[in-house]
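Notes for the structure review
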Amino acid sequence: MTNPVKRGIELLQDPSFNKSTAFTDAEKQKLGLIGLVPDVTEGEDLQLQRVLLQLAQKTTDLERYIYLVNLLDHNETLFYRTIMSDPGRFLPIVYDPTIGEACLKFGHIYRQPRGMYLSITRRGKVKDVLENWPQKDVRFICVTDGARILGLGDLGANGMGIPIGKLQLYTACAGVPPQCLLPMYLDAGTNNEQYLHDPLYLGIRRPRPSTEELYSFVDELVEAVQELFPRCCIHFEDWAGSDAVHLLQRYRDKYCVYNDDVQGTAGIVLAGMLNATKIKGTKLGDEKYLFLGAGSAGIGLSGLICTAMVQGGMTLKEAQSHIYMFDINGLLEDARKDLFEFQIPYAHRHAPTRDFVAAIKSIRPTTIIGVSTVGGAFNRVVVETMSRINERPVIFALSNPTDHVECTPEQVYTWSNGKAIYAAGVAFPPVHLNGQTFLPSQANNFYVFPAIGMAVFATEASRVTDEMFIEAAHAVADQVPSELLNQGLLIPLQSNILEAEIQTAARVAKLVFDSGLARVDRPHDMVSFIRRHVYKPEYASETAPTSKAT
Ligand code: NAI
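Residues numbered from 1 in each chain as written. Predicted model: local features only at pLDDT ≥ 70, side-chain atom pairs only at ≥ 80, totals over all residues. Heavy atoms only, no water.

**Some details on the overall build of the chain**
Each helix and strand counted, the chain has 24 helices and 14 strands in total. Taking the contacts inside the chain whose residues are at least 6 apart along the sequence as the reference set, 71% of them involve residues at least 24 apart. Total accessible area on the chain stands at roughly 21900 Å², and carbon and sulfur atoms take up 51% of it. Charge separation in the chain, taken as the distance between the mean sites of 52 positive and 62 negative side-chain charges, equals 1 Å. (Helix = DSSP H or I, 4+ residues; strand = E, 2+ residues; numbered from the N terminus. Contact = heavy atoms within 4.5 Å. Areas by Shrake-Rupley, 256 points an atom, 1.4 Å probe, with all protein chains shown as cover. Lys, Arg positive; Asp, Glu negative; His and termini not counted. Charge placed at Lys NZ, Arg CZ, Asp CG, Glu CD.)

Structure representation (structure tokens):
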């Protein structure tokens, strides 16, 4: 990106063009910067050293998060240079698990506006509000209404930390250029009494509206986006479970939209399942699944596993018969009267029970998947029961942040005597047990949605389909080498995440072209096509204004 017109202090205050101590002497002369910056010319790597030095002096991850957000407010290139220099170290700071704490305190640690705040009080004027956004080629909007932030519940405007962080991962993990990304908080109020009474809360102070009122406001947003940003994909994030599923159903066949909690989580967990079956020597259709949690993540995942089983030759009904679900009111079974229509396919004939261990004993699942938000729900009895029934029980504990995880890897490997195949939603260090080293996998959707985003960005796809998430799952699974699979690793390591996502994006892009959904010409070589679109955290060599302002 080249600097349009800015010079002097105005240029230094623009994070997209500010190079801070990296302007050359010629640039300083040309751009009126002499005396406004130290009289040196540093490279990005030297600047990075200073950032690392300053980060080392911070004592908590929340302080590091605040420091990095502040860096982004001043110098976007250096921010991404930092994150992309060591994703394994920085993703847990800019995203899970630190983002959970950052959201809880969002109104208190807030410094600068970022993204857009769209209040329901602006009904009828959404298009006018969107026109205030300075970028005209917006390619992704990540939007939340703050109703179910991570496993933390209704955080209202404090949930804005999530779309901001999610979109940073598009860039940091898959190289989607940051200038085309727009984080958005759709403010429809909150039912969080604590925030409603907090003077520093940054949202409108009213309870949430009826579903009908909310959906008609979302309709206005989605339609305004089609008019103003025709190449834009809308990414729904952290909406309450039924809204997540219903809004996706409402728009998915008409517009370019997806829901990461429903589809992205499903994609990464499917990748983990594909590798779990490789370890066991089985197929997806040989497994029987019991979910703890039947909300947006559980429903999305069960649907995608069914689609994958159908691709493997089963009927949809047969595939659904392999999946059981358990929620806050017990096992989903055919006598339950409180289910949403999207849960009914998994409510099989079974006696009612609110006892998860009893359900395991009776259903005899090979795999249990925790998407319940309930920390510790997979206790010793659960893991031991699974281990008695199965030679290699598959136990995925996906809720986050960390204190909501259904069980830790240490617990699972200990209680199952090293037999369990495990994944969590957050990162855990290796576990050493009885002379063996186990590598717990992080089934975090940031392996999938940034790669899907890059594929959509590069191909200008007109829709996002389930098949794209299944292809991404296969691509992610195929990148784990067999020696690491043997140590229980189901998902690639984060150290080389950009390269992993480029490969995944290339496979998804190929599917986009094969499905006729691309809006650009088909390239010969998909991987180099994706590479050509990848953002690099380097200063443009020419930062001179392109207009007469020089
Ligand atoms: P949701 O609110 O839509 O659903 C939660 C489900 O858990 C509901 O069905 C609810 O009835 C059930 N539940 C709550 N308490 C329960 C209890 N005591 N016993 C049994 N079931 C109970 O939430 P969503 O979107 O499905 O997310 C669930 C969790 O999964 C969250 O912690 C979220 O952070 C995590 N998640 C993890 C991802 C990852 O990449 N690892 C991605 C998306 C979500």
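**Concerning the sheet that holds strand β3 (residues 181–187)**
With respect to topology, five strands assemble into an open sheet ordered β1-β3-β2-β4-β5, the strand pairing being parallel. Single-partner strands in this sheet number two, and they are β1 (116–119) and β5 (257–259). Across the sheet, the axes of successive neighbouring strands diverge by a mean angle of 25°, strand direction being ignored. Sheet topology note: the strand β2 (residues 140–144)/β3 ladder contains five bridges and is parallel. Residue pairing for β3: Cys142 is matched across the bridge by Pro183. (Pairing = 2+ DSSP bridges. Axes fitted to C-alpha atoms, helices over the stretch in contact; angles between N-to-C directions.)

**With respect to helix α12 (residues 211–228)**
The end-to-end C-alpha separation of α12 is 26 Å, in line with the 26 Å expected for 18 residues at 1.5 Å each. Within the sequence span of α12, burial applies to Leu214, Tyr215, Phe217, Val218, Asp219, Glu220, Leu221, Val222, Ala224 and Val225. Those residues of α12 that are buried are in contact with β1, α9 (126–130), β2, β3, β4 (233–236) and α13 (241–251). (Expected span 1.5 Å × (residues − 1). Buried < 20%, exposed > 50% of the residue type's maximum accessible area, 1.4 Å probe, protein only.)

**Some remarks on the sheet that holds strand β6 (residues 289–292)**
The seven strands are arranged β8-β7-β6-β9-β10-β11-β14 in an open sheet whose pairing can be described as mixed. Pairing within the sheet leaves two strands with one partner each, and these edge strands are β8 (330–331) and β14 (441–442). Note: strand β10 (residues 394–397) against strand β11 (residues 421–424), four bridges, orientation parallel. In the sheet register, Ala397 faces β11, and the bridge partner there is Ala424. Those strands touched by helix α15 (residues 296–311) are β6, β7 (323–327) and β9 (367–370), and its axis lies near 180° from that of β7.

**Regarding the site of the ligand**
Near the ligand you find 25 residues, and of these Arg148, Thr265, Ser296, Ala297 and Asn400 are the closest. Gly295 places a polar main-chain atom, nitrogen or oxygen, 3.2 Å from an oxygen atom of the ligand. For the ligand, an oxygen atom lies 2.4 Å from a polar atom in the side chain of Asn400. Relative to its unbound accessible surface of 860 Å², the ligand loses 85% to contact with the protein. Counting residues per element, the ones that place at least two in the shell around the ligand are α14 (260–280) and α15. Among the residues forming the shell around the ligand, the class breakdown is nine nonpolar, 13 polar and three charged. (Near = heavy atom within 4 Å. Polar contact = N/O pair within 3.5 Å; in protein donor to acceptor, adjacent residues only side chain to side chain. Nonpolar A, V, L, I, M, F, W, Y, C, P; charged D, E, K, R; others polar.)

**What about the pattern of salt bridges?**
The final tally for this structure, using the stated rule, is 34 salt bridges. A salt bridge links Asp478 to Lys278, with the nearest nitrogen and oxygen atoms 3.5 Å apart. A residue pair is termed long-range when its members are at least 10 positions apart, and Asp478 in helix α21 (residues 466–478) and Lys278 in helix α14 qualify at 200 residues. Here Asp478 falls in the partly exposed class, since its relative accessible area comes to 45%. (Salt bridge = Lys/Arg side-chain N within 4 Å of Asp/Glu carboxyl O.)

**Here's the deal with empty space enclosed by the protein**
Applying the stated criterion across every chain, the model contains one cavity of 30 Å³ or more. Estimates place the volume of the largest cavity at around 200 Å³. In this structure, the largest cavity is lined by 13 residues; those nearest its centre are Val69, Phe106, Tyr110, Arg111 and Gln112. When contributions to the lining of the largest cavity are tallied by element, the ones reaching two or more residues are α4 (61–74) and α8 (106–109). It is α4 that provides the largest number of residues to the lining of the largest cavity, a total of four residues. (1 Å grid on protein atoms, 1.4 Å probe; cavity = no way out; pocket = protein on both sides within 12 Å on 5 of 7 lines; lining within 4 Å. Points joined across faces, edges and corners; volume = space filled by probe spheres on them.)

**Looking at the confidence of the model for the chain**
Here the chain averages 95 in pLDDT, and 98% of its residues register 70 or above. In the model, residues 543–550 has pLDDT below 50 throughout and makes 24 contacts with residues more than four positions away in sequence or in other chains. (pLDDT = per-residue confidence, 0-100.)

**Focus: the side chain of Asp327**
For Asp327, the location among the structural elements is in strand β7. Look at Asp327 and you get buried, because its relative accessible area is 17%. A distance of 2.9 Å separates a polar side-chain atom of Asp327 from the backbone nitrogen of Asn329. Only 2.9 Å separates the side chain of Asp327 from the side chain of Arg336, close enough to count as a polar contact.

**Observations concerning the environment of Ala244**
On the secondary structure map, Ala244 appears in helix α13. A C-alpha to C-alpha distance of 22 Å links Ala244 and Ala424, two positions 180 residues apart in sequence. Filtering out sequence-adjacent residues up to four positions away, Ala244 remains in contact with Trp239, Asn259, Val262 and Ser296.

**Some details on the pairing of β6**
What you see with β6 is no split at all: Tyr289 and Phe291 on one side and Leu290 and Leu292 on the other are buried throughout. Here four bridges tie β6 to β9, and the two strands are oriented parallel to one another. If you follow Leu290 over to β9, its bridge partner there is Ile368.

**Things to note about the nonpolar core**
Leu68 and Phe236 are the most contacted members of the largest nonpolar core, which totals 159 residues. Top element by residues in this core is α14. It accounts for nine residues. Leu68 has contacts with Leu55, Phe79, Thr82, Ile83, Phe90, Ile93 and Val94, leaving out every residue within four places of it along the chain. (Core = buried A, V, L, I, M, F, W, Y, C linked by side-chain atoms within 4.5 Å.)

**Side note on the packing of aromatic side chains**
Where two aromatic rings form a pair, the distance of their centres and the angle of their planes describe that pair. Per the stated rule, a full pass over the model turns up 18 aromatic pairs. The interplanar angle of 65° and the centroid separation of 5.6 Å between the aromatic rings of Phe236 and Trp239 together place this pair among those described as edge-to-face. The exposure class assigned to Trp239 is buried, which follows from its relative accessible area of 0%. Judged by centre distance (5.3 Å) and plane angle (40°), the ring pair of Phe446 and Tyr447 falls under tilted. Here the aromatic cluster, defined as three or more aromatic residues joined through ring pairs, consists of Phe236, Trp239, Tyr251 and Tyr255. (Phe/Tyr/Trp six-rings, centres within 6.5 Å; stacked < 30°, edge-to-face > 60°.)

**Describing the pairing of β7**
Counting buried positions along β7 gives five out of five residues, so the element sits mostly inside the fold. Note that β6 and β7 share four bridges and pair parallel. Considered in β7, the bridge of Tyr289 is made with Ile323. Of the strand pairs in this sheet, β7 and β8 are connected by two bridges, and their pairing is antiparallel. Bridge assignment links Asp327 to a residue of β8, and that residue is Gly330. Here β7 folds back onto β8 in antiparallel fashion, the turn holding two residues.

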